[in-house]
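So the chains spell out like this:
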Amino acid sequence: ATEPLIVACGIPFFTPIYWMFRKKTNFYVWLRYHLPIYTLRLPGVRMYVVNSTTLITAVQRQNKLLAFAPIKVKAAIRLASPSKATINILESEAFGEIGSGEYANMFHKAIQTQLSPGSVEFQDMALASRQERMFGLYQWIREDMVMSITNAVYGPGNPFKYSYVREGFWEFESRMMYLLLGLSALAKGSIRARETIVESFRRYYASNGHRSGAGITRTRYEYNAKNQIPLEDIARFELGGMVALITNIVPTTFWVVYHIYSDPALLEACRNEVNGETCETNDPEGRKLRTICLSGLENSCPSLMAVVKEVLRLHTVGTSVRRVMEDHMLSGKYLLKKGSIVTIPGQVQHSDKAIWGQDAGQFNHERFLTPARHIPPSAFRAFGGGVSLCPGRHFATSMILAFTAMLIMRFDFVPVRGTWPRPTTERAGAWEVTPQPDEDIEVQIGFRNIGEKHQRWAFSLF
Ligand code: HEM
């Protein structure tokens, strides 16, 4: 019985670390070996990188021996810096016997129903009327979406309504990687911002703000309280919730909007589809009210839905991580040693020409409209898979569809430079699942129709 082949071992330990820092989110694709699984020797830990879809399924089946709970507990502790007592509760469960990790595992289950389709209200999702002006598209989407998402989730007491919390969040996020790596000396600004956010969320919970929030917010609070997590630490753990909630939806929406607006034929097709899911009525004052049906967006807007899927395939770079709890023979063939890490880099699957065809590197939403080939389910990993499959995927998809639909129905965007440049993502942090663009795109916004400024819009669930 042998471990998977060791690669990138020019200078032991140093070579893989050097390239990880150089290549960041592109590391695994750049390193791509046509091996089903290989080993990287890192200081203090062995990492097994899984490439074959058959082995991905085998890893996901072994959710106790190849566990996710210890990974997320460690990340939560480093990010949130909770009290010693809370760390004890989390660690004793996540690192104890095989099959424990109850706090972390049950948390996933506890929040799942709250994130199922249709569970979050979208009333707050109406875009504020915009003046015609120029701005950076990414920045604009970010500001608008953060308010829409957090209003929907945290309710009227939403701490994000204060600009210092919004700014603090992006400051916290900017050096988050150092916190995750345990290098807090390099993340002083993030730590300062974290404490400001924690204090405003502590006040939010203390004044029962969560009771008027969405089900997900109430459930998270109640679950933590039931597990004896003190209020201050509940506020700390919400940082992880915010990161999951905001940081992937915003850039994913940006790329969806970018690909639609930069292709006039696609824009037209999506507008026609959304138009078919929009009904016109009069409000009690006799004004025209146009309502977009949310379930119709998912079920009856194939081009729009295909764009979202293709953006998730082409732009996400998430990596699933597991810890080996006992020596284990994967598929009866590869020895995985206790204490090592198993990773499944999604981007390796998403860029595989044998799976997606020769144009795997290009944006082509039509591959999801009229699939020409069989795609193994484990090859689409935008939301991970197995026990750690993203519980927010339905919520995220609904938000992205709703936001984009409203945008394309109401606004035209014209790039100030005349053409749509394709932004790079070299500066994205290694933890980002959907990388943000390096440079923003300056656009001019305008209402699509005369009279649109005074038009009223709403969403309905069905
Ligand atoms: C486009 C948006 C999103 C993308 C691309 C995304 C992607 C992912 C990925 C790749 C994982 C890791 C899966 C793995 O390790 O196998 C994950 C986990 C997770 N996501 Fe998302 N996510 C998104 C939105 C959200 C939202 C909106 C929420 C919450 C409301 C959320 C909550 C979570 C949580 C809690 C986990 C950890 C799962 C666990 O504890 O087992 N995500 N997500």
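Undergrad: How should I be thinking about the coordination of the iron atom of the ligand in this particular structure?
TA: The reference angle at a metal is 109.5 degrees if four donors form a tetrahedron and 90 or 180 degrees if six donors form an octahedron. Within the protein, just one atom coordinates the iron atom of the ligand: C390 (SG), at a distance of 2.3 Å. One can find C390 in the loop between α19 (366-369) and α20 (393-410).

Undergrad: Hey, could you run me through the packing of helix α8 (residues 163-174) against helix α10 (residues 188-206) in this one?
TA: Any two packed helices are characterised by how steeply their axes cross, that is the angle between the axes, and by the distance between the axes. Here α8 crosses α10 at 140°, and the two axes come no closer than 8 Å. Relative to α10, α8 is oriented oblique. In this structure, α8 meets α10 at a crossing whose hand is left-handed. Contact with α8, carried on its side by Y164, V165, G168, F169, E171 and F172, involves G189, S190, A193, R194, T196, I197, S200 and R203 of α10 and no other residues of that element. For the contact of α8 with α10, the class distribution of residues is 6 nonpolar, 5 polar and 3 charged.

Undergrad: Looking at this model, I keep getting lost on the sheet that holds strand β2 (residues 45-50). Mind explaining?
TA: Hydrogen bonds along the backbone pair up the strands of a sheet, which may run parallel or antiparallel. Strand order in the open sheet formed by 5 strands is β1-β2-β10-β7-β3, with mixed pairing between adjacent strands. The sheet is open, and its two edges are formed by β1 (37-42) and β3 (66-67), each paired on a single side. Sheet analysis places strand β7 (residues 319-324) next to strand β10 (residues 341-345), joined by 5 bridges and oriented antiparallel. Bridging across to β10, R322 finds its partner in V342. This element, helix α4 (residues 69-80), spans β3, β7 and β10 of the sheet and lies at about 110° to β7.

Undergrad: What's the story with the confidence of the model for the protein chain in this structure? I'm lost.
TA: The pLDDT averaged across the protein chain works out to 88; a share of 91% of its residues lies at or above 70. Averaged pLDDT values for the elements of the protein chain fall to 60 in helix α6 (residues 102-112) and rise to 98 in helix α16 (residues 302-315). Of the regions scoring below 50 in pLDDT, residues 119-126 engages in 20 contacts with residues more than four places distant in sequence or in other chains.

Undergrad: Explain the pattern of salt bridges here, please?
TA: If the charged atoms of two oppositely charged side chains come close together, the side chains can form a pair. Inspection of every chain in the model, using the stated rule, returns 16 salt bridges. Here R46 and E3 are joined by a salt bridge, their closest N and O atoms 2.6 Å apart. You can see R46 sitting in strand β2 and its partner E3 sitting in the segment before α1 (14-23), a full 43 residues away along the chain. Residues R313 and E310 are paired through a salt bridge, measuring 2.8 Å at the closest nitrogen-oxygen approach. You can see R313 and its partner E310 sitting in helix α16, 3 residues apart, about one turn around the helix. Residue classification places E310 among the buried positions, given a relative accessible area of 0%. Counted as one network, the salt bridges with shared partners bring together R194, E195, E232 and R236.

Undergrad: How should I be thinking about the side chain of S190 in this particular structure?
TA: On the secondary structure map, S190 appears in helix α10. Discounting residues that sit within four places of it in the chain, S190 has contacts with E171, F172, R175, M176 and L179.

Undergrad: Just checking my understanding: could you explain the environment of S351 for this structure?
TA: With respect to the helices and strands, S351 occurs in the loop between α17 (346-350) and α18 (353-356). In contact with S351, not counting residues within four places along its chain, are V29, R32 and A360. Reaching out from S351, the side chain makes a polar contact with the side chain of R32 at a distance of 2.3 Å. Among the polar contacts listed, one links the side chain of S351 to the backbone oxygen of Q347, at a separation of 2.8 Å.

Undergrad: Please clarify how the sheet that holds strand β6 (residues 288-293) should be interpreted in this entry.
TA: Strand order in this open sheet of 3 strands is β5-β6-β13, and the pairing throughout is mixed. Of all strands in the sheet, those with a lone pairing partner are β5 (278-282) and β13 (456-460), marking the two edges. Each neighbouring strand pair of the sheet contributes to a mean axis angle of 30°, computed without reference to strand direction. Examined bridge by bridge, β6 and β13 share 5 bridges and lie parallel to one another. The residue of β13 that forms the bridge with L289 is R456. The strands touched by α20 are β5, β6 and β13; relative to β13, the strand with the most contacts, the crossing angle is about 150°.

Undergrad: Just to check I follow, could you spell out the environment of L335 for this structure?
TA: Note on placement: L335 falls in strand β9 (residues 334-336). On the accessibility criterion, L335 (18% relative accessible area) is buried. Each C-alpha atom of the pair L335 and E432 lies 30 Å from the other, and the pair is 97 residues apart in sequence.

The rules behind each value
- Every chain is numbered independently, its residues counted from 1 as its sequence is written.
- Local features are withheld for residues below a pLDDT of 70 in this predicted model, meaning they are given only at 70 or higher, and side-chain atom pairs are given and counted only at 80 or more; totals for whole chains, interfaces and linings count all residues.
- The side-chain quantities take in all heavy atoms of the structure and omit both hydrogens and water.
- Note: metal donors comprise N, O and S atoms at 2.8 Å or less from the metal (3.2 Å for Na, K and Ca); water molecules are not included, so apparent gaps in a site are possible.
- Segments assigned H or I by DSSP are reported as helices when at least four residues long, segments assigned E as strands when at least two residues long, and all are numbered from the N terminus.
- In this analysis an axis means a line fitted to C-alpha atoms, helices contributing only their contacting stretch, and an angle means the value between N-to-C directions, from 0 to 180 degrees.
- Each angle gets one of four labels, with under 35 degrees taken as roughly parallel, over 145 as roughly antiparallel, 65 to 115 as roughly perpendicular, and the rest as oblique.
- The handedness criterion is simple: a crossing whose near helix is rotated anticlockwise from the far helix by less than a right angle is left-handed, and one whose near helix is rotated clockwise is right-handed.
- Here, residues are in contact when the closest pair of their heavy atoms is within 4.5 Å.
- Under the convention adopted here, Pro, Cys and the residues Ala, Val, Leu, Ile, Met, Phe, Trp and Tyr are nonpolar, Asp, Glu, Lys and Arg are charged, and Gly plus all remaining residues are polar.
- Note on pairing: two strands pair once DSSP finds at least 2 bridges between them.
- Along the chain, pLDDT gives the predictor's confidence residue by residue, from 0 to 100.
- Salt bridges are identified by distance alone: a Lys or Arg side-chain nitrogen within 4 Å of an Asp or Glu carboxyl oxygen.
- Burial here depends on accessible area, computed with a 1.4 Å probe over protein chains only, as a share of the maximum for the residue type. Under 20% is buried, over 50% is exposed, and the range in between is partly exposed.
- Two N or O atoms count as a polar contact when they lie within 3.5 Å, although within protein this holds only if one can serve as hydrogen donor and the other as acceptor, and sequence-adjacent residues are included solely when both atoms are side-chain atoms.

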